[in-house]
Amino acid sequence: MSGKGAPIVGGTDGTGLEVVIVAGTWHDVITDGLIAGAQRTLDAAGATWQLVRVPGSFELAVAAQAALAAGADAVVALGVIIRGGTPHFEYVSSATTDGLTRVALDAGKPVGFGVLTLDDEQQGLDRAGLPGSHEDKGAEAADAAVRTALVLRTLRSQV
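Each chain carries its own residue numbering, running from 1 in the direction its sequence is written. It should be noted that, the model being predicted, local features are given only for residues of pLDDT at least 70 and side-chain atom pairs only at 80 or more, the latter also being counted only at that level, while totals for whole chains, interfaces and linings use all residues. Hydrogen atoms and water are omitted, and side-chain values are computed over all heavy atoms in the structure.

Novice: Can you help me understand the overall build of the protein chain in this one?
Specialist: Here a strand is any run of E in DSSP of at least two residues, a helix any run of H or I of at least four, and the numbering for each starts at the N terminus. In terms of regular secondary structure, the protein chain is built from five helices and four strands. Traced from its N-terminal end to its C-terminal end, the protein chain shows the element sequence β-α-β-α-β-α-β-α-α. Taking the principal axes of its C-alpha atoms as reference, the protein chain extends roughly 50 × 30 × 25 Å. Working rule for contacts: check all heavy atoms of both residues, and any pair within 4.5 Å makes them a contact. Taking the intrachain contacts of the protein chain between residues at least 6 apart in sequence as the baseline, contacts between residues at least 24 apart amount to 77%. Within the structure as shown, the protein chain displays about 8100 Å² of accessible surface, and the carbon and sulfur contribution to it stands at 56%. For the purpose of counting charges, residues Lys and Arg are taken to be positive, whereas Asp and Glu are taken to be negative. His and the chain ends are not included. The location of each charge is read from NZ of Lys, CZ of Arg, CG of Asp or CD of Glu. The protein chain carries 11 positive and 18 negative side-chain charges, and their two centres are separated by 6 Å. Only the protein chains shown count as covering a residue, and every accessible area follows the Shrake-Rupley method with a 1.4 Å probe.

Novice: Even after reading the chapter, I still don't get the environment of R53, so can you show me in this structure?
Specialist: Its place among the elements puts R53 in strand 2 (residues 48-53). In the structure, R53 is positioned 29 residues away from G24 in sequence and 5.7 Å away in space, judged by C-alpha atoms. Once residues lying within four places of it in the same chain are set aside, the contact partners of R53 are A23, G24, T25, T31, D32 and I35. Polar contact criterion, stated in full: a pair of N or O atoms within 3.5 Å, where within protein one must be able to donate a hydrogen and the other to accept it, and residues adjacent in sequence count only if both atoms are side-chain atoms. Polar contacts involving the side chain of R53 include one to the main-chain carbonyl oxygen of A23, which spans 3.5 Å.

Novice: Explain the packing of helix 1 (residues 28-45) against helix 5 (residues 137-158) here, please?
Specialist: Helix-helix packing is described using two parameters, namely the angle between the two axes and the distance between the axes. Helix 5 packs onto helix 1 with a crossing angle of 40° between their chain directions and a minimal axis gap of 6 Å. Taken together, the axis directions place helix 1 and helix 5 in an arrangement best described as oblique. In the crossing of helix 1 with helix 5, the sense of the turn from one axis to the other is right-handed. Between helix 1, through L34, G37, A38, T41, L42 and A45, and helix 5, the contact on the second element is made entirely by K137, G138, A139, A142, D143 and V146. Note on residue categories: nonpolar means Ala, Val, Leu, Ile, Met, Phe, Trp, Tyr, Cys or Pro, charged means Asp, Glu, Lys or Arg, and polar means any other residue, Gly included. Looking at the contact of helix 1 with helix 5 residue by residue, the class counts come to seven nonpolar, three polar and two charged. Axes here mean lines fitted to C-alpha atoms, for a helix over just the part in contact, with angles spanning 0 to 180 degrees between N-to-C directions. Comment on the angle field: the value is read as roughly parallel under 35 degrees, roughly antiparallel over 145, roughly perpendicular from 65 to 115, and oblique elsewhere. Two helices crossing with the near one rotated counterclockwise from the far one by less than a right angle form a left-handed crossing, whereas a clockwise rotation gives a right-handed crossing.

Novice: Any chance you could explain the pairing of strand 4 (residues 111-118) here in plain terms?
Specialist: Burial classes: relative accessible area under 20% of the type maximum marks a residue as buried, over 50% as exposed, and values in between as partly exposed (1.4 Å probe, protein chains only). By the criterion of burial, strand 4 is predominantly enclosed, with six of the eight residues buried. Pairing of strand 3 (residues 74-82) with strand 4 involves eight bridges; the strand directions are parallel. If you follow V76 over to strand 4, its bridge partner there is G112. Considered for its hand, the β-α-β crossover made up of strand 3, helix 3 (residues 88-107) and strand 4 is right-handed. The criterion for strand pairing is that DSSP finds at least two bridges linking the strands in question. Handedness of a crossover: with both strands directed away from the viewer, a clockwise path from the first strand across the helix to the second marks it as right-handed.

Novice: Would you take a moment to explain the sheet that holds strand 4 for this structure?
Specialist: Pairing between the strands of a sheet comes from backbone hydrogen bonds, and it takes one of two forms, parallel or antiparallel. With parallel pairing, the four strands of this open sheet are ordered in space as 2-1-3-4. Here the strands that pair on one side only, and so sit at the sheet edges, are strand 2 and strand 4. Neighbouring strand axes in the sheet, compared pairwise and without regard to direction, differ in orientation by 15° on average. Relative to strand 2, strand 1 (residues 18-23) runs parallel, the two being bridged by six bridges. In the strand pairing of strand 2, V22 is matched with V52. Packed on one face of the sheet, helix 3 meets strand 3 and strand 4 and runs near 175° to strand 4.

Novice: Would you explain the pairing of strand 3 in this entry?
Specialist: Both faces of the sheet carry side chains from a regular strand, because those side chains alternate between them. Summarising burial for strand 3: eight of the nine residues are buried, a large majority. Inspection of the sheet shows strand 1 paired to strand 3 by five bridges, in the parallel sense. Residue pairing for strand 3: V19 is matched across the bridge by A74.

See the structure below:
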């Protein structure tokens, strides 16, 4: 977790974009920090957004799919998966990543990926954009979604 090489977040005009933040409910302190970072970034960009909560990270893909099908320009997917003593971590992490990738490709719209896959809770606290955090992965995911939506808008207007 060096944060080195991370893009500069912010400074993007997302006026007119409709974005849905889809967030899991596990590990609420970390998830709430991710949500707050995404909200700050979307507000600063001028995008319109709404928040939808789902039970866990596994359910993010189907909710993201529904949001994009309903007309959202982008989704910001936020969740927390912490490694335990069983293979559950690998299955949920893989299914969540694969599902969100499939949703983005099938819809042709961006899904900002803010799903933290962690060895322990402290890693999440360090990345959640909370006071004392070293990174703000919610803000980064929202910024990526907005920037990609704008790129796609430009590409579609040129073709």
